[in-house]
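This is what each chain is made of:
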Amino acid sequence: MAKRIFILNGHPGPDSITRQAMERYAMAARAAGHEVRLSQLHDLTFDPDRGKAGYDSPKPLEPVLEESLGNLEWCTHFVLAFPLWWGGFPAKLKGWIDRVLAIGRTFTTRETTPIGLPKPLLTGRTARVVITSDTPRSFLWLAYHDAIRHQIKGQVLGFVGFKPVKFTFFAPASDPKPGSVDKLLAQMDRLGRDAA
């Protein structure tokens, strides 16, 4: 069954392994008959600061962020790729998350889940997260208890309704081993074809 896929390359630079990976994923998904919208964070101009921390009088979204939010509401599968910098998101991607995952559109505090959390509004959608890193996957697990994975799955995408959230890790990214990028791109071909 064809899916509607929104892909965000969350690397703030113009050229990267994540950009290559997301373009390959998009190409394979389109060839398999899926509808695809691909966005490059580098090309988006917006204020990453959401202003005061409260929910009252939120800062209006710039057109590119309104388009991103519309894409999240449109999609049945979301693919997010980014480099792990200082154990977390690049600053511009964090700003995108802060601004786009807006109250009333992606979650609501007017209703709650059985455990008292705000009700997610993007349910019925799945997600794939592709993380590039120089830190080995095993070290991220042993030393940091997979903190970034827990944050994304529980406090970001899962919080607004994406389930399941699956992960692909690629390391080392700054100085990849011979043939490793080709293997990643081949994996993106498979995942894109299957909208996984």
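Enquirer: Account for the pattern of salt bridges, with residues named and values stated.
Expert: Scanning all chains against the criterion turns up 10 salt bridges. Among the salt bridges present, the one from E62 reaches R99, with a minimum N-O distance of 3.0 Å. In this pair, E62 is assigned in the loop between β2 (35-40) and α2 (63-74) and R99 in helix α3 (residues 91-100), connecting sequence segments 37 residues apart. Neither E62 nor R99 differs from the other in exposure class; each is buried.

Enquirer: Kindly report on the environment of A147, identifying the contributing residues and their values.
Expert: For A147, the position within the fold is in helix α5 (residues 147-160). Along the backbone, A147 and E62 are 85 residues apart, and their C-alpha atoms lie at a distance of 31 Å.

Enquirer: I'd like a description of the packing of helix α1 (residues 17-31) against helix α6 (residues 180-194), backed by residues and values.
Expert: Where α1 contacts α6, the axes come no closer than 7 Å and their chain directions differ by 35°. Helix-helix and strand crossings are classified by hand; for α1 and α6 the assignment is right-handed. On α6, the residues that touch I17, Q20, A21, M22, R24, Y25, A28 and A29 of α1 are V181, L184, L185, A186, M188, D189, L191, G192 and R193. Looking at the contact of α1 with α6, its residues break down into 12 nonpolar, two polar and three charged.

Enquirer: Please provide a residue-by-residue account of the pairing of strand β6 (residues 126-132), values included.
Expert: For β6, the tally of buried residues reaches six of seven residues, placing the bulk of the element in the interior. Here strand β3 (residues 77-83) runs beside β6; their pairing, made up of seven bridges, is parallel. Across the sheet, the residue bridging to L80 is V129, located in β6. As judged from the six bridges shared by β6 and strand β7 (residues 165-170), these two strands associate in the parallel manner. Looking across to β7, one finds that T132 is bridged to F170.

Enquirer: Quick rundown of unusual backbone geometry? Include the residues and the values.
Expert: Geometrically, the link from K163 to P164 is a cis peptide bond, its omega value of -5° lying close to zero. Take P164: it is sitting in the loop between α5 and β7. Positive phi, normally seen in glycine, also occurs at D146, with a value near 60°. Within the fold, D146 resides in the loop between α4 (137-144) and α5. D146 sits in the buried class, given a relative accessible area of 5%.

Analysis parameters
Residues numbered from 1 in each chain as written. Predicted model: local features only at pLDDT ≥ 70, side-chain atom pairs only at ≥ 80, totals over all residues. Heavy atoms only, no water. Salt bridge = Lys/Arg side-chain N within 4 Å of Asp/Glu carboxyl O. Helix = DSSP H or I, 4+ residues; strand = E, 2+ residues; numbered from the N terminus. Buried < 20%, exposed > 50% of the residue type's maximum accessible area, 1.4 Å probe, protein only. Axes fitted to C-alpha atoms, helices over the stretch in contact; angles between N-to-C directions. Left-handed = near helix turned anticlockwise from the far one by under 90°. Contact = heavy atoms within 4.5 Å. Nonpolar A, V, L, I, M, F, W, Y, C, P; charged D, E, K, R; others polar. Pairing = 2+ DSSP bridges.

What is shown is where atoms sit, not what they do.
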